[in-house]
Amino acid sequence: MRVLVCVKRVPFTGGKMVLAPDSMALETRHLGFTISPHEECGVEAAVRLVEVNTGESVVLTLGPPEAIEQLRDAMALGIDRAIHLQTESAEWDPEATAAAIVDAIGADEAASGPFDLIFFGNESADSGGYQVGLLVARALGRPAVTGLKGVKVEGGSVRCEQEADGGRDVYVVPMPAVLTVKEGLNLPRYPSVPGRMRAGRKPVATSAPTQAPARLEMVRLVVPPGQGRRAEVLGSGASAAPAVVEMMRKIGVA
Amino acid sequence: MLLVLVEQTGGVASDPSLQTLTLARSFGEPIHALVIGSAVDLSHHGVAVTHVAVHDELDSFAPDAWAAILGQLADRLGAGAVFAAGTDRGNDVMARVAARMRLPLATNCIAVAPGPPVTLTRQRWGGSLLEEARLHSARALITVAPHSVPIEPARAETRVERFTPQLKEQELVVHVAEHVSTKGGGVSLAEAKVVVSGGRGVGSKEGFAIIEDLAGLLGAAVGCSRVVTSAGWRPHTDQVGQTGTKIAPELYIACGISGATQHMAGCKAAKRILAINSDAEAPIMLNADYAVVGDLKEIVPAISAELRKRK
């Protein structure tokens, strides 16, 4: 089976949001980068499916030249090869992103045959648009299920589980299909040293898509008010316990 | 004219949908609402017309069918904007509407003003950062971030219109085939009045015994940070955060949690936060109401002992 997983490079934000001087991006000079968390589980799911069913797994990202790091990370976990849609501008709105991904999938499928499953994260950690996977699915004319915490291939179909109302909603859809997943789908493995070595030799196809004009146009970023309040210190060490219980009584929880 | 998708359970509109109606009214009127399945009384929420879509195949949720109905109705009414709550279902259905109608969608907005272009503020990073944006579209598609806008009731003479939508077979392919209940014992994290959470500072899987003990005494749910689930100390269902569960308890007790933005996005709706941390300068101190500085392995058992003493 052929499985594609689409990932996004995002910064580790740590404890505080600090904006770049132009307020159009986070200040990332002192931050590391990672694959957006939901998508790490998509990578793990793709690797496991190909381990069990044989075939090929591919990772795709649309991002700056540095996003090669995230493609190598995915390949270190077992993905076979990568597609890098290299961008110059930092912001691509959801429609432009989806259009470029649809073109890239079309080209790859024309050469290597259809993907049985295409994974996306339910939403990216940074821009949180909740839509690229669904826009791509519609353009490809494939069924899509979102927010998955369970994925199981059963013959020509895939059984999908979504958390809902104190339980799980189950969908069964025919393949090929597009699935958006959430963290908790699985516990992603750590890369092994041989895995890292192999990742450096796996193929990466790089191209530079044309950016469609943004219809959702970012004007500026703003750090929300509310940060910077100062906690009332109830004490230090075990001797603070009576003051803590007093506070709990006062607010009616103890 | 604005069209708002209203989600419901057994004839009662969800809070995020009522919040969406409030924000939509600030954008323009009249408001038409779409409910799918059974009718909902929206006369206290400023709705001029409630459209009730009734169809044999709609007993279980089918997102493509919902998107088809919303799109057809928006076209028939000539809606200038379509709103839904930024819930899992709301965002899913609206993204499908955007895809079908080839329109741009702005998700998880907290403020919107009519255009052209429509100007809006939306959440990024689970609400830890805001984006001001312009939406260039003759018909704006907007979802509203849950719990970011208070519900403001408004009386209206609401007309109710039932209709049967035309659905194609392929719009019913994706549907809920089955609901599996996973409700176990204990207090649900999302609904708990008190949550006691542990982070990296707890040190190990076994270290959670003192967290569980305190939670038991308070009738609280146990939570944790992302570091803890990544280490395999607790299941992902216990994770509080942007990619875990979003909670809104009366009191949130964060033990050994530094307060990364990923975590705070999940607990910012807590009424009060007590931080127990060895680092008085940890970021969580800037978001907490109360703090105890020191070793959680001494402090947490001391609080439990104090509670037992006073019982």
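Values in this document were obtained by computation on a predicted structure and should not be read as measured data. (Residues numbered from 1 in each chain as written. Chains lettered and ligands numbered in written order. Predicted model: local features only at pLDDT ≥ 70, side-chain atom pairs only at ≥ 80, totals over all residues. Heavy atoms only, no water.)

Draft legend 1. Up close: the environment of Ala 104 of chain A. Relative to the elements of secondary structure, Ala 104 of chain A occurs in helix α3 (residues 94-112). A C-alpha to C-alpha distance of 19 Å links Ala 104 of chain A and Ser 89 of chain A, two positions 15 residues apart in sequence. (Helix = DSSP H or I, 4+ residues; strand = E, 2+ residues; numbered from the N terminus.)

Draft legend 2. The pattern of salt bridges, seen in detail. Within the structure shown, the criterion is met by 38 salt bridges over all chains. Notably, a salt bridge pairs Glu 27 of chain A with Arg 29 of chain A, separated by 3.2 Å at the nearest N-O pair. A salt bridge links Glu 306 of chain B to Arg 310 of chain B, with the shortest nitrogen-to-oxygen separation between them at 3.1 Å. In this pair, Glu 306 of chain B and Arg 310 of chain B are both assigned in helix α7 (residues 296-310), four residues apart and thus about one turn of the helix distant. Classification of Glu 306 of chain B as buried rests on a relative accessible area of 9%. A residue is classified by how much of its surface remains accessible, and Arg 310 of chain B, at 27% relative accessible area, is partly exposed. Ionic contacts of the salt-bridge type, sharing partners, join the residues Arg 2, Glu 56, Arg 81 and Asp 108 of chain A into one network. (Salt bridge = Lys/Arg side-chain N within 4 Å of Asp/Glu carboxyl O. Buried < 20%, exposed > 50% of the residue type's maximum accessible area, 1.4 Å probe, protein only.)

Draft legend 3. Region of the structure containing the packing of aromatic side chains. Residues and elements named next belong to chain B. All told, the structure shown has two aromatic pairs over all chains when counted by the stated rule. Plain terms: the ring middles of Phe 27 and Phe 83 are 5.5 Å apart, the flat faces sit at 70 degrees to each other, and that makes the pair edge-to-face. Of this pair, Phe 27 sits in helix α1 (residues 15-27) while Phe 83 sits in strand β6 (residues 81-85); the two residues are 56 residues apart in sequence, bridging distant segments of the chain. Of the two residues examined, Phe 27 and Phe 83, each falls in the buried class. (Phe/Tyr/Trp six-rings, centres within 6.5 Å; stacked < 30°, edge-to-face > 60°.)

Draft legend 4. The arrangement of the interface of chain A and chain B in detail. Taken together, the contact between chain A and chain B spans 85 residues of the former and 83 residues of the latter. Here chain A meets chain B over a buried area of about 7,100 Å², counting both sides, of which 56% is carbon and sulfur. Close ionic contact of Asp 169 of chain A with Arg 89 of chain B constitutes a salt bridge, the shortest N to O distance being 3.2 Å. One can count 38 residue pairs in polar contact (both at pLDDT 80 or more) joining chain A with chain B. Classifying every residue of the side of chain A that touches chain B by side-chain character gives 43 nonpolar, 19 polar and 23 charged. Sheet analysis places strand β12 (residues 216-222) of chain A next to strand β9 (residues 129-135) of chain B, joined by six bridges and oriented antiparallel. Across the sheet, residue Met 218 of chain A finds its bridge partner in β9 of chain B, namely Ala 133 of chain B. (Contact = heavy atoms within 4.5 Å. Buried area = accessible area lost by both parts, 1.4 Å probe. Polar contact = N/O pair within 3.5 Å; in protein donor to acceptor, adjacent residues only side chain to side chain. Nonpolar A, V, L, I, M, F, W, Y, C, P; charged D, E, K, R; others polar. Pairing = 2+ DSSP bridges.)

Draft legend 5. The layout of surface pockets, seen in detail. What the second largest pocket holds in volume is close to 1,200 Å³. Taken together, 48 residues line the second largest pocket, and the ones lying closest to its centre are Phe 12 and Glu 40 of chain A together with Arg 226, Val 227 and Ser 230 of chain B. Going through the elements one at a time, β2 (9-11), β3 (33-35) and α1 (37-53) of chain A together with α5 (226-230) and α6 (261-267) of chain B are the ones with two or more residues in the lining of the second largest pocket. Tallied by class, residues from the lining of the second largest pocket come to 20 nonpolar, 20 polar and eight charged. (1 Å grid on protein atoms, 1.4 Å probe; cavity = no way out; pocket = protein on both sides within 12 Å on 5 of 7 lines; lining within 4 Å. Points joined across faces, edges and corners; volume = space filled by probe spheres on them.)

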